[in-house]
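Listed below, chain by chain, are the residues.
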There are 2 protein chains.
Amino acid sequence: MAKNKRHVDKEQKAEEIELAAMELFIDVGFDASSMSMIAKAANVAPNTLYWYFKNKDDLLIAVLNRLVNASMKLYPSMMTKPLTEQTIWLLNQFKQTKGLISTVHTRIVHSPSIATWHDNFHRMIEMLLTAQLTLNGIPKDKIPFVASALTFVVEGLLSHEHNQEEEQEMINWVLRTQ
Amino acid sequence: MAKNKRHVDKEQKAEEIELAAMELFIDVGFDASSMSMIAKAANVAPNTLYWYFKNKDDLLIAVLNRLVNASMKLYPSMMTKPLTEQTIWLLNQFKQTKGLISTVHTRIVHSPSIATWHDNFHRMIEMLLTAQLTLNGIPKDKIPFVASALTFVVEGLLSHEHNQEEEQEMINWVLRTQ
DNA sequence: ACCTGAACACCGTTCAAGT
DNA sequence: ACCTGAACACCGTTCAAGT
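A brief structural summary. What you see is a predicted model, and the numbers here were worked out from it, not measured in a lab. (Residues numbered from 1 in each chain as written. Chains lettered and ligands numbered in written order. Predicted model: local features only at pLDDT ≥ 70, side-chain atom pairs only at ≥ 80, totals over all residues. Heavy atoms only, no water.)

**Some words on the relation of the copies chain A and chain B**
If you rotate chain A by 180° and push it 0.0 Å along the axis, it lands on chain B with an RMSD of 0.0 Å. This pairing of chains is accounted for by a two-fold axis. Of all interface residues in chain A, 100% are interface residues in chain B too; the two copies therefore contact each other through one and the same surface. (Least-squares fit on C-alpha atoms with pLDDT ≥ 70 in both. Contact = heavy atoms within 4.5 Å.)

Next up, the structure:
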C-alpha cells in the first residue's frame with residue numbers, strides 16, 4: 001500500500017539524518033556540528049531536520065540511543081566473560097563517544113529530555129551491573145555501592161588519560177571490594 | 001603617578017568583569033551566559049570584554065582561577081584535619097561550581113588554553129593529594145593510584161546525586177586502601 | 001504528509017573610529 | 001591606552017508557502 005511505503009520512507013529519512021548527525025557528533029563534537037552541517041550531510045534543507053526532530057537535543061537523544069543499542073547488541077557475547085573483562089570492554093565501547101558524555105552532562109541543566117535520558121541510562125547500567133555483580137557472588141548489601149564505584153571509575157578513566165595497565169588495576173581494585 | 005593609577009583602574013575593571021562573569025557562569029552556566037549579558041552586568045559595551053580577554057574561553061579561565069584561589073585560601077585551615085574530612089570539604093567546595101566542571105571537560109577539545117588549564121589543575125590536585133597521603137602513612141608506591149581513585153570518586157560524586165552518608169562511605173573506602 | 005526559502009533573534013568576535 | 005557603534009558570519013529555530 002502507498003500508505004505503508006510512505007511510512008517506510010519516513011523511517012529511512014530519519015535514519016539517514018541520525019547517521020549523518022552521529023558521524024558529525026562523534027568526529028567534531030555536538031557544539032561544533034551545526035544543524036546546517038548535519039542537514040547538508042543528510043541531503044536535506046536545514047529546517048527539514050525540524051520535521052523529524054523537535055530540536056537539536058532530541059536529535060542528540062536519537063543518536064545516543066543508536067550508540068547504546070549498537071553496544072547492547074554486542075553485549076550478549078561478552079556476558080559470560082569475567083566481570084573485569086566485561087568492564088574493560090564497556091570502557092572501550094564508551095571511549096569512542098568520550099566527547100558526548102561531557103556534552104550530556106553539560107546539557108542536563110538546560111534540557112529536561114536530556115536529563116531524563118541520562119537518568120534512564122544510569123538506571124539501565126545499574127541494573128546490568130547489579131545482575132552481573134550478583135552472579136559474581138558480591139554480597140547483596142554491597143552491590144549498590146560497588147555499582148556506583150564502578151561507574152565512577154569508568155567515567156573517571158574516560159575523561160582522564162590512563163594506560164591499559166592502570167585501567168586494569170583500577171577496575172580490579174573496585175571488584176576486589178567485599 | 002598617573003601611570004600607576006591607570007594600571008590600578010585596569011585591574012579594577014578586569015576584576016569587575018570577572019566577578020560579573022563568575023556570577024553568571026555559576027548561576028545560569030557558561031553556554032547560557034552570553035558576552036552581551038556579561039558586559040551589561042559589568043557596565044561596559046560587549047566588545048569591551050575583548051580588550052581585557054582574548055575570548056570567552058580566556059574569560060572562563062580567569063573565573064576558574066578566581067574560584068580555585070578562593071578555595072585554596074581557605075584550605076590551610078583544613079590542612080591539619082583528617083583526610084576524610086578534607087576530601088568532603090573539597091567536594092563541597094567544588095559542588096558550588098558543579099556545572100563548570102563539565103563545561104571545562106566539553107571545551108578541552110576546542111580550546112588549547114582550557115586544555116592546558118585542566119592539565120595544570122589536575123597536576124595541582126595530584127600534588128596536594130600526594131603530600132596529604134604521605135602524611136597519612138599511605139605507602140609511597142600506592143599513592144599515585146589512591147590519588148587517581150580519590151579524584152575519580154570526587155568527580156563521580158559531583159556529577160551524580162548521592163546523600164551525605166554515601167559520600168562519606170565512598171571516600172572512606174578509597175582511603176582504606178593499602 | 002513532507003519539504004523548503006526566507007526570515008528572526010541571537011551568538012561570539014572584529015574593525016574602524018572616537019577619547 | 002581604553003572604549004564603543006556598527007557590522008560580520010554564523011547559530012538554532014520558526015513560519016508561510018509549496019507539493
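**Points about the interface of chain A and chain B**
Reports of interface size often rely on the accessible area that becomes lost once the parts have come together. Contact residues are listed per partner, giving 26 residues for chain A and 26 residues for chain B. The largest share of the area that chain A buries against chain B comes from Phe145, Phe152 and Trp173 of chain A, three residues that together contribute 32% of it. The interface formed by chain A and chain B includes zero salt bridges. Along the contact surface separating chain A from chain B lie seven residue pairs in polar contact (both at pLDDT 80 or more). Breaking the side of chain A that touches chain B down by element, the ones donating at least two residues are helix H6 (98-107), helix H7 (112-135), helix H8 (143-159) and helix H9 (164-176) of chain A. Of all the elements, H8 of chain A adds the most residues to the side of chain A that touches chain B, at nine residues. Here the residues of the side of chain A that touches chain B sort into 10 nonpolar, 13 polar and three charged. (Buried area = accessible area lost by both parts, 1.4 Å probe. Salt bridge = Lys/Arg side-chain N within 4 Å of Asp/Glu carboxyl O. Polar contact = N/O pair within 3.5 Å; in protein donor to acceptor, adjacent residues only side chain to side chain. Helix = DSSP H or I, 4+ residues; strand = E, 2+ residues; numbered from the N terminus. Nonpolar A, V, L, I, M, F, W, Y, C, P; charged D, E, K, R; others polar.)

**Some words on the nonpolar core**
Across soluble globular proteins, you tend to see nonpolar side chains buried next to one another. Grouped together as the largest cluster of nonpolar side chains are 111 residues, with contacts concentrated most on Ile38 and Leu133 of chain A together with Ile38 and Leu133 of chain B. If sequence neighbours within four positions are ignored, Ile38 of chain B has contacts with Ile17, Ala20, Ala21, Leu24, Phe25, Ser33, Leu49 and Leu59 of chain B. (Core = buried A, V, L, I, M, F, W, Y, C linked by side-chain atoms within 4.5 Å. Buried < 20%, exposed > 50% of the residue type's maximum accessible area, 1.4 Å probe, protein only.)

**Side note on the protein's contact with DNA strand D**
Residues in contact with DNA strand D amount to 15 residues; listed here are only the nearest, Tyr50 and Lys56 of chain A together with Asn47, Thr48 and Tyr52 of chain B. Considering DNA strand D, the proportion of its atoms within 4 Å of the protein that are sugar or phosphate atoms stands at 60%. In this structure, Tyr50 of chain A approaches DNA strand D through a side-chain N or O atom, which is 2.7 Å from a phosphate oxygen. Here a phosphate oxygen of DNA strand D and a side-chain polar atom of Thr48 of chain B are 2.5 Å apart. For the surface near DNA strand D, the secondary structure elements donating two or more residues are helix H1 (2-28) and helix H3 (49-52) of chain B. Considering only residue class, the surface near DNA strand D consists of six nonpolar, six polar and three charged. (Near = heavy atom within 4 Å.)

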